[in-house]
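Listed below are the residues making up each chain.
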Amino acid sequence: MAENAKQKSDLLPTGHAPINQLAMTGIVKRFPGVLAADGIDFDVKAGEIHALLGENGAGKSTLMKMLYGLYHPDAGQIRINGQETTIRNPQDAIQHGIGMIHQHFMLVPSLTVAENIALGMKSSRGARLDLDVVSGRVLELSEIYNLKVDPDLPIWQLAVGEQQRVEILRALYKGAALLILDEPTAVLTPQEVDGLFRILNQLADDGHGLVFISHKLHEVLEISHRVTVLRDGRRVNSIPTSEATRPKLAEMMVGRPVLLEYDKNPPDPRDERLILDGVSALSNRGTVGLDDVSLRLRGGEIVGIAGVSGNGQQELAQCICGLRPLTAGSVTVDGSDVSNAHPSSLNAIGLSHIPEERMLDGVIKEFSVAENYVLQDHGHPKFTRGKIFMLFHKIREFCRRAIETYEIKTPSTETLVKSLSGGNIQKLVLARELSRDPGVLIAAQPTRGVDIGATEYIHQRLLQERDNGTAILLISEDLDEIRALSDRIAVMYEGRIVGEVENRDVDIEHLGLLMTGGG
Amino acid sequence: MAGRLNRLIDFAPVLIALILALLVASVLLLALNANPLEAYDFMLQGAAGSENALAETLVKATPILFVGIGITIAFRGGMINIGGEGQMIAGALAGVTVALVMGEMRVPPELAKEKGAFDLIIVACSLVGGFLMGALYGGLAGFLKAYFDVNEILSTIMLNQIAVQMMNFLLNGILLDPAEAGFNNIPKTARLVTAAQLPRFSINIDLPRQIGEIQHIELFARTRLHWGLLIAVFLAVIIYIFLWRTSLGYRIRAVGENQRASSYAGINVKRQMMFSMFLAGGFAGLAGVVQVLGLQYRLQTDGSPAGFTGAAGFNGIVAALFGGLNPIGAIPAAAFFGGLLVGAQKMQRELGVPASLITAVNGLIVVFVVSSEIFILQRSKRRVSVAENETPTLNPSPIKREGLASSDDGEEDG
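About the thresholds
- Residues numbered from 1 in each chain as written.
- Chains lettered and ligands numbered in written order.
- Predicted model: local features only at pLDDT ≥ 70, side-chain atom pairs only at ≥ 80, totals over all residues.
- Helix = DSSP H or I, 4+ residues; strand = E, 2+ residues; numbered from the N terminus.
- Buried ≥ 20, exposed ≤ 12 C-beta atoms within 10 Å, placed from the backbone.
- Contact = placed C-beta atoms within 7 Å.
- Rg over C-alpha atoms; globule rule 2.2 N^0.38 Å.
- Core = buried A, V, L, I, M, F, W, Y, C linked by C-beta atoms within 7 Å.
- Pairing = 2+ DSSP bridges.
- Right-handed = clockwise from strand over helix to strand, strands pointing away.
- Axes fitted to C-alpha atoms, helices over the stretch in contact; angles between N-to-C directions.
- Domains from an automatic or database assignment.
- Nonpolar A, V, L, I, M, F, W, Y, C, P; charged D, E, K, R; others polar.
- pLDDT = per-residue confidence, 0-100.
- Parallel < 35°, antiparallel > 145°, perpendicular 65-115°, else oblique.
- Expected span 1.5 Å × (residues − 1).
- Arc of directions from axis to C-beta.
- Left-handed = near helix turned anticlockwise from the far one by under 90°.

Caption draft 1: Here's a closer look at the overall build of chain B. Secondary structure assignment for chain B yields 14 helices and two strands. In chain B, which comprises 414 residues, the proportion classed as buried is 48%. For chain B, the share of sequence-separated contacts (at least 6 apart) that also reach a separation of at least 24 residues comes to 79%.

Caption draft 2: Quick look at the overall build of chain A. Across its full length, chain A holds 17 helices and 22 strands. Since a compact globule built from 519 residues should have a radius of gyration of about 24 Å, the 25 Å found for chain A is in line with a globular shape. Overall size of chain A, expressed as C-alpha extent along the three principal axes, is 75 × 45 × 45 Å. Out of the 519 residues in chain A, the part that is buried amounts to 49%. In chain A, 68% of the contacts between residues at least 6 apart in sequence involve partners at least 24 apart.

Caption draft 3: Representation of the nonpolar core in the model. Core analysis: the largest hydrophobic core is formed by 189 residues, its most contacted members being A443, L473 and L474 of chain A together with L65, F66, A319 and A334 of chain B. By residue number, the principal contributor to this core is helix α11 (residues 269-296) of chain B, which donates 15 residues. By size, the runner-up hydrophobic cluster in this structure holds 68 residues, among which are M64, A93, V113 and I223 of chain A.

Caption draft 4: Representation of the pairing of strand β20 (residues 471-475) of chain A within the structure. Residue and element names in this part refer to chain A. Where burial is concerned, most of β20 is hidden: five out of the five residues are buried. Every second residue of β20 is oriented toward a common face, with A471, L473 and I475 on one face and I472 and L474 on the other, all of them buried. Taken together, the four bridges between strand β13 (residues 302-306) and β20 define a ladder with parallel strand orientation. Note that in β20 the partner of V303 across the bridge is L473. Pairing geometry for strand β19 (residues 440-444) and β20, over five bridges, is parallel. By the bridge assignment, A443 is partnered in β20 with L474. Chirality of the crossover, the property in question, places the unit of β19, helix α15 (residues 452-467) and β20 among those that are right-handed.

Caption draft 5: Up close: the sheet that holds strand β16 (residues 351-354) of chain A. Residues and elements named next belong to chain A. Spatial ordering of the open sheet is given by β16-β19-β20-β13-β21-β22, a layout of six strands whose pairing is mixed. Sheet topology places β16 and β22 (496-502) at the edges, where each strand pairs with a single neighbour. Pairwise comparison of adjacent strand axes, ignoring direction, gives a mean angle of 15° for this sheet. Those strands touched by helix α17 (residues 508-515) are β13, β21 (488-493) and β22, and its axis lies near 30° from that of β21.

Caption draft 6: Looking closely at the domain arrangement of chain A. Residue and element names in this part refer to chain A. Each assigned domain of chain A is listed with its residue range as follows: domain 1 (21-254) and domain 2 (272-515). Counting residues per element, the ones that place at least two in the side of domain 1 that touches domain 2 are α6 (190-205) and α8 (246-254). Among the residues making up the side of domain 1 that touches domain 2, the classes are represented as four nonpolar, four polar and one charged.

Caption draft 7: Focus on the confidence of the model for chain B. Residue and element names in this part refer to chain B. Per-chain confidence: chain B averages 85 in pLDDT, with 87% of residues scoring 70 or above. Ranking the helices and strands of chain B by mean pLDDT puts α11 first, with 97, and helix α14 (residues 357-388) last, with 66. Every residue in residues 384-414 is under pLDDT 50, and counting partners more than four places away or in other chains gives 64 contacts.

Caption draft 8: Here's a closer look at the sheet that holds strand β10 (residues 234-240) of chain A. Residue and element names in this part refer to chain A. The six strands lie next to each other as β6-β7-β8-β3-β9-β10, forming an open sheet whose pairing is mixed. Unpaired on one side and paired on the other, β6 (98-101) and β10 mark the two borders of the sheet. The average angle at which neighbouring strand axes cross in this sheet is 20°, direction not considered. Along the sheet face, α6 touches β3 (49-54), β7 (178-182) and β8 (209-214) and points at about 145° away from the line of β8.

Caption draft 9: Main features of the packing of helix α8 (residues 227-245) of chain B against helix α13 (residues 327-351) of chain B. Residue and element names in this part refer to chain B. The contact between α8 and α13 brings their axes to 7 Å, and the two run at 150°. With respect to α13, the element α8 is oriented roughly antiparallel. Residues V233, A236, V237, I239 and Y240 of α8 form the contact with α13, whose own contacting residues are P327, I328, A330 and I331.

Caption draft 10: Fine view of unusual backbone geometry. Residues and elements named next belong to chain B. Its identity is not glycine, yet N33 carries a phi of approximately 65°, on the positive side. Tracing the backbone shows N33 in the loop between α1 (2-31) and α2 (36-48). By the C-beta count within 10 Å, which is 9 here, N33 ends up exposed. In this model, R222 sits at a positive phi of 55°, which is unusual for a non-glycine residue. Counting through the fold element by element, R222 comes out in the loop between β2 (213-219) and α8.

Caption draft 11: Representation of the environment of A232 of chain B. Among the secondary structure elements, A232 of chain B is positioned in helix α8. Apart from the residues within four sequence positions on either side, A232 of chain B is in contact with T62, L65 and F66 of chain B.

Caption draft 12: Broad picture of the environment of A360 of chain B. All names here are of chain B. Mapped onto the fold, A360 is located in helix α14. C-beta crowding within 10 Å serves as the criterion here: with 14 such atoms nearby, A360 is assigned to the partly exposed category. Between the C-alpha atom of A360 and that of A25, which follows or precedes it by 335 residues, the distance is 7.7 Å. With residues up to four places along the chain from it excluded, the contact list for A360 reads A25 and L28.

Caption draft 13: Here's a closer look at helix α4 (residues 131-144) of chain A. Residues and elements named next belong to chain A. Spanning 14 residues, α4 covers 20 Å between terminal C-alpha atoms, matching the ideal 20 Å at 1.5 Å per step. Listed in full, the buried residues belonging to α4 are V134, V138, L141 and S142. Down the axis of α4, the sector holding all buried residues measures 95°, keeping them to one side. Seen from the buried face of α4, the exposed residues on the opposite side, beyond 90 degrees, are D132 and E143. Tucked inside the fold, the buried residues of α4 contact α3 (113-118) and α5 (160-173).

Caption draft 14: Fine view of the packing of α5 of chain A against α6 of chain A. Residue and element names in this part refer to chain A. One can describe the packing of α5 onto α6 by two numbers: an axis separation of 10 Å at closest approach and a directional angle of 20°. By the criterion of interaxial angle, the relationship of α5 to α6 is roughly parallel. Considering the relative orientation of α5 and α6, their crossing is right-handed. Facing α5, whose interface residues are V160, G161, Q164 and I168, α6 presents E192, G195, L196 and I199. Residue classes in the contact of α5 with α6 are distributed as four nonpolar, three polar and one charged.

Caption draft 15: Geometry of helix α13 (residues 392-405) of chain A. All names here are of chain A. Here α13 is 14 residues long and its end C-alpha atoms lie 20 Å apart, about the 20 Å a rise of 1.5 Å per residue gives. For α13, the full list of buried residues reads F392, I395, R396, C399, A402 and I403. In a view along the axis of α13, the buried residues occupy a sector of 120°, so they form one face of it. Those residues of α13 that are exposed and aimed more than 90 degrees away from the buried face are H393, E397, R401 and E404. Buried residues belonging to α13 abut α12 (369-373), β18 (389-390) and α14 (422-435). Residue E407 follows α13 closely and has a positive phi angle near 50°.

Caption draft 16: Spotlight on the pairing of β16 of chain A. All names here are of chain A. Neither face of β16 is exposed, since L351 and H353 on one face and S352 and I354 on the opposite face are all buried. Note: β16 against β19, four bridges, orientation parallel. Pairing of H353 across the sheet is with I442, part of β19.

Caption draft 17: Representation of the confidence of the model for chain A within the structure. Averaged over all residues, the pLDDT of chain A equals 88, while 98% of them reach at least 70. Between residues 1-9 of chain A, whose pLDDT stays under 50, and residues either more than four places distant or in other chains, the model counts 14 contacts.

Caption draft 18: Focus on the environment of G288 of chain B. Residue and element names in this part refer to chain B. Within the secondary structure, G288 is located in helix α11. Its 36 C-beta neighbours within 10 Å are what place G288 among the buried residues. Linking G288 and T309, residues 21 residues apart in sequence, is a C-alpha distance of 7.2 Å. For G288, the residues in contact, after removing those within four places along its chain, are M88, I89, G91, A92, G95, G130 and G134.

This is the structure in structure tokens:
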């Protein structure tokens, strides 16, 4: 897409003026104890999709929040069409034609599309609602941009991808010439990602500027025209996407060469270690969460569970780990029936679990690293005298060893876990679960929110554990992760397993169809 | 360096809270036409101006410390125990019954020659009885919370009322002092025999005055200071070790901080909830029985809710918070509140200002301490969220229970 095609001062299809050039220069933002942005330069032109790439904590969101008026820079300038501008709050940003699509949608589920878009805006009829006017304008816009949405449907009836379209429409309705999208693909299926990319390309063709925040390399390579990579609050480089490659970008992000594909040993499946037979369970809302799920895992293999989140993956992990009662079926670990067993007895027979919500389930944030390291084994004879008095010098010693082996970045074993970064907390959980020498490992979203460097490490460890004969159930929304690690892939949809395939002969289109209930 | 500074800033709010509370109290004093400086001077004199004043302060601090230790355990276990009053009464009723019954017993011949051995048994049995009854009373609220999800704040407040009326009923009935029966009918039990009383104590110090000459001082002689204080301080240390050095305490704290992670780790959350309330009630029960055995030598009330306890069941909550939810920290905190109460009486005598003003000061301190806790929490949250991560993929931290989280600073050491 030629980025110089839209340099005219024509109006956008919405009737608003475009932002031909937005430039942030020398942006500095300090938080207590942290330099979140250290003199960052960034610019977007009309008709351009500019990807902002970086690890967690690199400063991407901070930078964009300053553009959207949520934070204020300590130093530096923002120029819109050459004019220096101060953006005090999001209303200011919208006034200047800047819109932001957050990762978590800001929509009221019970209200209709039109009502959501009208929310917080003045009615053209004073005290009376003008929803028909809004509906008309929404239809008009959705026609111009080819964003099909029925303005009178309530949000809860829409799929995630459609909800995202509503968010985009809302920004356009308010006159956004520049759109900031914060990790917009995180919640989408592959088909929905394709749909989003078509929309983004059209927006760019029509003269909008787009900032695409992501840490997924292949998406950045596919959709953007230019890439800016941030690391530790600094801009590493800005390059045209045509000159970028995956390894090059990964190296810029992490600061060292990164393995993106793993050499896996050929699978060496052994005895069956985990057997699920017709397992059913209720969801939190009391509806059917798991429906007659049967699965067999052998030692030495990784089975990936793919699926859009909320299709029973969480219930599946909880059922195996004794955290959710089964309504039917049975779970067998290493030959013993553990249906509805208490987690403590599952700990004892060698089941480990990396929970999906690690900040809530996996660690106690107010406890120290060492204390968290013995969350299950705090009463183990190895760590206690008479099972009562905890031997903290021993716990610390074991913990220190884990910190070294797993390269967990923490000032000491006594640091409270809440002050560790997400990736390091996940490494700590991984270290703890693997230290217990599991026969079966349930790994739910093991690298969600974890940066590339730590992801690489966690993946290597999981593969190593597989080669040692552990049966690993890998539950992930990240298809790339599933593809990279699994020997077999099972797809979950609405609480059922709707397909199971060998990883080597998998067809990504087919997988995507299964994930959305088709196929 | 920055960490140390942050810690200091985290701790300062507690002191600032105290100063603010005293400042607001000054306004109240001015409204009562009293000079605040003069009033505080009298308070200081009343609380620590003499040997006897100091002893009275410690006597008042004793039940507050017992309750405060228990409240600390409950808070650490994620339970908010407002039932210290009721649990104190339950413990006192059980303890006084044991003491009265055993006091009437004849000394078994095999113990008769060991002087005081049977006395010790009576006292020990009374203390254990008081502990157990208070523990059952507190454990009841824990049970209701664990199995029926009954809010423990509400249930413990209700149980306080029940305990007060039960005490009034018993003290006017079967526990009524036979000497009072048909006479005044003042609700009180018979006086305990000397054998069932907790002894008083004094401290002997030999000070070198001049070369070769030694002055002998007996501190706290002829005051009401009794062994209850020593037991309380000893137990505070024990509970500190229990909470931070044993697997039992680890489980209580784990459940208090994060129930989901605890059940994930295989900890029986319901059992821990009951256990922490059981212990909390037990310590309040000890407070009650120690008041009887060490100070009043009988259980008596004026029929009002705080007639027997002197509101120690509530003051213990304040002391626990002020002590940073750490049993060791509860020791100076309890002494401080004991001093406030004793000092207030002096202030009342000298200036005619109602001593109940000190209840207001207590309340103000709670308000300021709790808001400073929230301030600390927000500070640390901001530090963390900024320092570690800016992606929203991390789950937002759960809202801290009831906003009364403690700052865990300095609880773990080598």
